[in-house]
Amino acid sequence: MSRLSMIGAGYVGLTTGACLAHLGHHVTLVDVDKQRVEGLKAGRMPILEEGLAEMVAEGVDAGRLSFSVDATASVADAEFVFLCVPTPRGADGSADLRFVRDAARQIGPHLRADAVVVTKSTVPVGSAAAVATALGRPDIAVVSNPEFLREGTAIYDCMHPDRIVIGGLDADAARRVAALYADLDAPVVITDPASSETIKYAANAFLAMKVSYINSIANLCQRVGADVTDVIEGMSYDRRIGGDHLTPGPGWGGSCFPKDTSALIRLAEDHGYDFALLREVVAANEEQFEHVAARAMAAAGGVVAGAKIAVWGLTFKAGTDDLRDSPAIAVIRRLRARGARVAAYDPTRPDADDPALAGLGLELCDDPYSACQDATCLVLLTEWPEFAGADLAKAASSMASPALIDGRNLFDPAAARDAGFTYEGIGRR
Ligand code: NAD
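A brief look at the structure comes next. If you're wondering where the values come from, they're calculated on a predicted model, not measured in any experiment. (Residues numbered from 1 in each chain as written. Predicted model: local features only at pLDDT ≥ 70, side-chain atom pairs only at ≥ 80, totals over all residues. Heavy atoms only, no water.)

1. What about the sheet that holds strand β11 (residues 363-364)?
One key point about sheets: their strands pair by backbone hydrogen bonds, in either a parallel or an antiparallel sense.
Part 1: Overall, parallel pairing links the six strands, which are arranged β11-β10-β9-β12-β13-β14 in an open sheet. This sheet does not close on itself; its edge strands, each paired only once, are β11 and β14 (422-424).
Part 2: Looking at chain direction, strand β10 (residues 341-345) and β11 are connected through two bridges and run parallel. Pairing of A344 across the sheet is with L364, part of β11. (Pairing = 2+ DSSP bridges. Helix = DSSP H or I, 4+ residues; strand = E, 2+ residues; numbered from the N terminus.)

Written as structure tokens, this is what we have:
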């Protein structure tokens, strides 16, 4: 079993670190955020992720998982150092590698001669070379090992990956990284860094395209009188298509798809290729935010200054507390721009001062029903199970006009109508 240091204890570093400790490795999780590290030492999880607290506790109790703010000390005896730091969207749309470079520069001088640096952050083609330069250690192998976990099911995904992708020019280093996952039952793709880095972006862009495609089909269903739920069922039995990510909604978002599609378009441009298909996918997604906002306004009776619209759900999907680039927030921004007051409830009860909510002028409610009080429309934007089980009659009875836009096709239309709502889903009859 190996000694690992994970730089960055966020959604990726923390969950993969805990899983690698579960597999028997000795893992130190490093983060610059002192509060986060202190919280972890005290057993407090900084993110909502099913099974994470138990997995972390198991690693700590076994003496295989520890936390630190000191990257240089942590990497000194590590055989593998995983970079799990953010790669946000830069001003020009490309991936901003600042955090990756800073981390590499910091650890470079302190690495063991036989250490392997593993890039788990999502980074564009050419980043393996950029990391090697920032490390300043020509003797150290850099290996790309992109992460495919989904927030909300991250622990499950880490333990049951569809595949493990490893890109390295040093075949021995790539094999050593593959060996870390030997106990997992998954195909391993070993390739060069450029292909490995491309696989991650190609996969995310494809999934975003799939969602946008079904959103477009749903919008068409609405016009031609078809029901998208049946259309999806009929499509998904086709093994060439599959049912995953055929989920109509208010548009895709989250901490990965928006920045990764943008970075891929930019990467293509930088290499003289106009990725027109992906540009259209991004444009279609923006239109979907607009489409849902416009339907909510229409259902609310048009633009009446100060009219209140209730929103259920703020996180970018159910099962996570992540608000980054949430489609719910994109829709709310459009409602606010049209003069609506918005009262929202989300089961994760986000802080009003969360940066993702800054400047929205949102009224945050403590329960779903107070959000509905006197509202002219209710818009469901995140598919939390709590909403599926909500008392719709209670919600409808307190509203000024009980209109429901079901932005995730979560509710049974007949049950919603029986509860007193006028009901509209996305592409449903
Ligand atoms: P995150 O924001 O949740 O966590 C990143 C952590 O890194 C933060 O806690 C931050 O304080 C820390 N950090 C920043 N610089 C540091 C440094 N120099 N030293 C130590 N810690 C540092 O980010 P995330 O969602 O875990 O994403 C990390 C990377 O993984 C990104 O490139 C992302 O695209 C990729 N990724 C994310 C997901 C996902 O679902 N979130 C899935 C696959 C891949």
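2. Concerning the site of the ligand
Part 1: Of all residues adjacent to the ligand, which total 25 residues, the nearest are V12, D31, T87, E151 and K259.
Part 2: At 3.5 Å from an oxygen atom of the ligand is found a side-chain nitrogen or oxygen belonging to R36.
Part 3: One of the side-chain nitrogen or oxygen atoms of R324 is found 3.2 Å away from an oxygen atom of the ligand.
Part 4: If the ligand stood free it would expose 840 Å²; the protein chains cover 90% of that surface.
Part 5: Broken down by secondary-structure element, the contributors of at least two residues to the shell around the ligand are α1 (11-22) and α5 (98-107). (Near = heavy atom within 4 Å. Polar contact = N/O pair within 3.5 Å; in protein donor to acceptor, adjacent residues only side chain to side chain. Areas by Shrake-Rupley, 256 points an atom, 1.4 Å probe, with all protein chains shown as cover.)

3. Re the pairing of strand β7 (residues 164-168)
Part 1: In terms of burial, β7 is a largely internal element, five of the five residues being buried.
Part 2: Because side chains alternate across β7, one face comprises the buried residues I164, I166 and G168, and the other comprises V165 and G167, equally buried.
Part 3: Summarising the sheet, strand β6 (residues 141-144) and β7 pair through two bridges and their orientation is antiparallel. Residue pairing in the sheet places S144 in a bridge with G167 of β7.
Part 4: Looking at chain direction, β7 and strand β8 (residues 188-191) are connected through four bridges and run parallel. Within β8, the residue paired with V165 across the bridge is V189.
Part 5: Crossover connection from β7 via helix α8 (residues 171-180) to parallel β8: handedness right-handed. (Buried < 20%, exposed > 50% of the residue type's maximum accessible area, 1.4 Å probe, protein only. Right-handed = clockwise from strand over helix to strand, strands pointing away.)

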